[in-house]
Structures are given as C-alpha cells and as structure tokens.
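Letter by letter, the chains look like this.
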Amino acid sequence: MISQSQIASLKPTQVLPEQFEQLTQFYRDAIDHTPEMERFGRWIYGLHPTDGMILDYIRSASMFTVEDKGELLCAFALTPSQGSDYHDTCWGRALADDEVTVVHLLCVNPRFQHQGIGHQAMELAVDLARKMGKKAIRLDALACNTPAQRLYESLGFQRRGTAHWFADNVGWTDFYLYELLL
C-alpha cells in the first residue's frame, strides 16, 4: 500500500532506450496479473501493446514511468500530437494536430491498482501537456473498459464520440473518445 502523501509527490520520468526490456516486462507482468484484463482492457502482449509500439514511444521521447522507491508503479505514453484517426470526431474545440497531446498505454502495476496511482498518473500527464503548451489532451478507451472510463470522467474528461476501429487484440470494436480542454 502506498500512502496518499506518497502518491501526491510522484513525478513522471521519461523512459530511456536502455530501459526498454524493463518496461516491456512491466507491461507483460501487468497484463498477466491484472484482474479482469480479458473483460476490460483486453490487452494481449505482442498484439497490443507490442515491442515496436513501446520502442517507438521511447525513441520519440513520449514514454513515461512513475516510480516510488525504485518500484515501477505505472507507465504511459504521451504523444505530442494527434493522429488522423482522431479527425472525424466532434471535439469540444477544433484544434490542429500539434495543439493536442494524446495518452496511450496507461498501465498501473497490479500491486498498486485501486490506490489512486492511475488518477495521479493522468494528472501528471495533464500537467505535462500543459507544460508542452497544448490546448487539449485526448485519448480513446475500449467501450467495454468501464474502469478506465470512470477514471477519465473523474478527472473532467468529456466523452466526445465513438469510433469503430480495428485493433489486433480485439478486432473491430467500439472505442470511446475523450477530451480534456486545457
């Protein structure tokens, strides 16, 4: 268990290329040990996420971790712009791709789930987006991932639409698209 004062003092650290193996093992372990992963997140390592995906985020300086006393608590990617797959949504404000940052691969160590780590990680992502001068932070979540939806909505994210996309781990499925204007 981690205390609320420890959670409040957590800071994100950019992942370096030499941390790739440690990070991929973190995601594998989290997938294997997260209760109800098959029901909500539906991640299957190698399909989503993949080594290539994680390596691309690291190489583009978009991958972050949060640690406490040397233990990895969570990880997430924060890209400096949105992709074209986000263009067909009725967002709260029309913005250029580079005015938006997008959260990907938010993952909390299963030993620390339900303790506020995911909430703090998202607050840290929002702070990073503000420091980058972004006007919005956006993300998508599987329509079946109700725990993630509750987290995003508790932080003020607004559901702006639904997309029917193909993902290697789930096939064609619905995603909810969220936005927080900064």
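Residues numbered from 1 in each chain as written. Predicted model: local features only at pLDDT ≥ 70, side-chain atom pairs only at ≥ 80, totals over all residues. Heavy atoms only, no water.

Engineer: How should I be thinking about the environment of Gln-113 in this particular structure?
Structural biologist: By secondary structure assignment, the location of Gln-113 is in the loop between strand S4 (100-108) and helix H4 (117-131). Each C-alpha atom, one on Gln-113 and one on Val-66, is 13 Å from the other, the two residues being 47 residues apart in sequence. Apart from residues no more than four positions distant in its own chain, Gln-113 is found in contact with Thr-34, Pro-35 and Val-108. Side-chain polar atoms of Gln-113 contact the side chain of Thr-34, separated by 3.2 Å. (Helix = DSSP H or I, 4+ residues; strand = E, 2+ residues; numbered from the N terminus. Contact = heavy atoms within 4.5 Å. Polar contact = N/O pair within 3.5 Å; in protein donor to acceptor, adjacent residues only side chain to side chain.)

Engineer: Quick question: what am I supposed to make of helix H2 (residues 20-33) here?
Structural biologist: An α-helix turns once every 3.6 residues. As a result, residues three or four positions apart point the same way. The end-to-end C-alpha distance of H2 is 20 Å, a good match for the 20 Å that 14 residues give at a rise of 1.5 Å each. Of all the positions in H2, only Phe-20, Leu-23, Thr-24, Phe-26, Tyr-27, Ala-30 and Ile-31 are classed as buried. For H2, the buried positions fall inside an angular range of 150° around the axis, keeping them on one side. When the buried face of H2 is taken as reference, the exposed residues oriented beyond 90 degrees from it are Glu-21, Asp-32 and His-33. Next to the buried residues of H2 lie helix H3 (51-59), strand S2 (63-68), strand S3 (71-79) and S4. (Expected span 1.5 Å × (residues − 1). Buried < 20%, exposed > 50% of the residue type's maximum accessible area, 1.4 Å probe, protein only. Arc of directions from axis to C-beta.)

Keep in mind these values describe shape, not function.
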